[in-house]
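Per-entry structural report
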Amino acid sequence: MEERDEQAFAEYFAARRDAVRRSAYLLCGDWHRADDLAQTAFVALHRRWRKIRDRGALDAYVRRTLVRAVIDESRRPWRRERFVDELPEVAHPGGEIENTVATRAALLDGLRRVPPRQRAVLVLRFLEGLDVAATAEALKCSEGTVKSQTARGLTALREALGDAADDLKSAM
């Protein structure tokens with residue numbers, strides 16, 4: 001790659017690194033995996049940098065690569081969750097900051113229980129702020145698929161949250 005292209009990529013990487021890492025965390029729920037997934041997305045972008053003509057579509061390309069990486073990673077057998085008989089103790093927050101942290105933790109915990117494809121749709125739609133059409137484009141699927149995955153994902157999230165869903169409503 002030419003020096004000019006390397007410089008342009010380095011600038012894009014520096015500007016978007018944190019946002020991509022946050023999106024990866026919201027998709028997978030683990031900062032270490034989020035780092036790996038963000039790196040995978042940026043490596044894929046670097047490989048294709050010279051072939052990308054529309055520089056305005058870089059965010060969409062990275063987002064789509066990230067979502068695909070999360071879904072692929074979830075299909076690998078060594079990444080599957082292991083169920084245990086006893087759950088670890090849950091912290092009982094007491095103050096306003098603790099309530100905010102607990103609310104966020106409850107939401108992230110609920111998102112982890114939603115299937116990967118539905119989680120991707122929920123993160124892109126509600127946390128990244130994309131509309132149905134942009135989400136469909138990012139995931140390379142139809143708008144109808146995005147709508148049905150959104151409905152199923154919200155249902156799965158409500159079931160995963162259980163009583164915590166009421167706490168989230170009061171915190172908003």
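These figures come from a predicted structure and were not determined experimentally.

Some remarks on the overall build of the protein
- The helix and strand inventory of the protein stands at eight helices and zero strands.
- N-terminal to C-terminal, the α/β element order of the protein is α-α-α-α-α-α-α-α.
- Burial status across the protein gives 37% buried among its 172 residues.
- Within the protein, contacts between residues separated by at least 24 positions form 64% of all contacts whose residues are at least 6 apart in sequence.
- Carbon and sulfur atoms provide 49% of the accessible area of the protein, an area that totals close to 11400 Å².

A short note on the side chain of arginine 64
- Among the structural elements, arginine 64 can be located in helix H3 (residues 58-75).
- One buried charged residue, arginine 64, forms no salt bridge at all, with the nearest opposite charge on glutamate 137 at 5.5 Å.
- Setting aside residues no more than four positions away along its own chain, arginine 64 makes contact with Glu137, Ala138 and Lys140.

Observations regarding the packing of aromatic side chains
- A complete count under the given rule lists six aromatic pairs for this structure.
- With 4.8 Å between their ring centres and 80 degrees between their planes, phenylalanine 13 and phenylalanine 42 make a pair best called edge-to-face. Here phenylalanine 13 is found in helix H1 (residues 3-28), whereas its partner phenylalanine 42 is found in helix H2 (residues 31-48), with 29 residues between them in sequence.
- For phenylalanine 42, a relative accessible area of 5% puts it in the buried group.
- Cluster of aromatic residues (ring-pair linked, three or more members): Phe9, Tyr12, Phe13, Phe42 and Trp49.
- Over the aromatic face of tryptophan 49 sits the side chain of arginine 55, whose NZ or CZ is 4.3 Å from the ring centroid.

Thoughts on unusual backbone geometry
- Of note in the backbone geometry, lysine 140 takes a positive phi value of approximately 55 degrees without being a glycine.
- As for its placement among the helices and strands, lysine 140 is situated in the loop between helix H6 (132-139) and helix H7 (143-161).
- With relative accessibility at 53%, the residue lysine 140 sits in the exposed group.

Side note on the pattern of salt bridges
- Here the structure, examined in full by the defined rule, presents six salt bridges.
- The salt bridge partner of aspartate 59 is arginine 16, with a shortest N-O separation of 3.1 Å. Of this pair, aspartate 59 sits in helix H3 while arginine 16 sits in helix H1, placing them 43 residues apart in sequence.
- Note that aspartate 35 is salt-bridged to arginine 21, the shortest N-O span being 2.3 Å. Placement of the pair is aspartate 35 in helix H2 and arginine 21 in helix H1, with a sequence separation of 14 residues.
- Judged by its relative accessible area of 32%, aspartate 35 is partly exposed.
- Through salt bridges with shared partners, one network takes in Asp109, Arg112 and Arg113.

Notes on H1
- Most pronounced at arginine 16, the bend in H1 amounts to some 50 degrees.
- Downstream of H1 by a residue or two, glycine 29 has a phi angle that is positive, lying close to 80 degrees.

Focus on the nonpolar core
- Ranked by internal contacts, the top residues of the largest apolar core, which has 43 residues, are Tyr12, Leu27, Leu37, Leu45, Leu66, Val67 and Leu139.
- Elements with a minimum of two residues in this core: H1, H2, H3, helix H4 (96-112), helix H5 (116-127), H6 and H7.
- Excluding residues that lie within four positions of it along the chain, tyrosine 12 makes contacts with Phe42, Leu45, Trp49, Leu58, Asp59 and Val62.

Thresholds, definitions, all that
- Residues numbered from 1 in each chain as written.
- Predicted model: local features only at pLDDT ≥ 70, side-chain atom pairs only at ≥ 80, totals over all residues.
- Heavy atoms only, no water.
- Helix = DSSP H or I, 4+ residues; strand = E, 2+ residues; numbered from the N terminus.
- Buried < 20%, exposed > 50% of the residue type's maximum accessible area, 1.4 Å probe, protein only.
- Contact = heavy atoms within 4.5 Å.
- Areas by Shrake-Rupley, 256 points an atom, 1.4 Å probe, with all protein chains shown as cover.
- Lys, Arg positive; Asp, Glu negative; His and termini not counted.
- Salt bridge = Lys/Arg side-chain N within 4 Å of Asp/Glu carboxyl O.
- Phe/Tyr/Trp six-rings, centres within 6.5 Å; stacked < 30°, edge-to-face > 60°.
- Lys NZ or Arg CZ within 6 Å of the ring centre and 35° of its normal.
- Bend = angle between axes of the 7 residues up to and from the residue.
- Core = buried A, V, L, I, M, F, W, Y, C linked by side-chain atoms within 4.5 Å.

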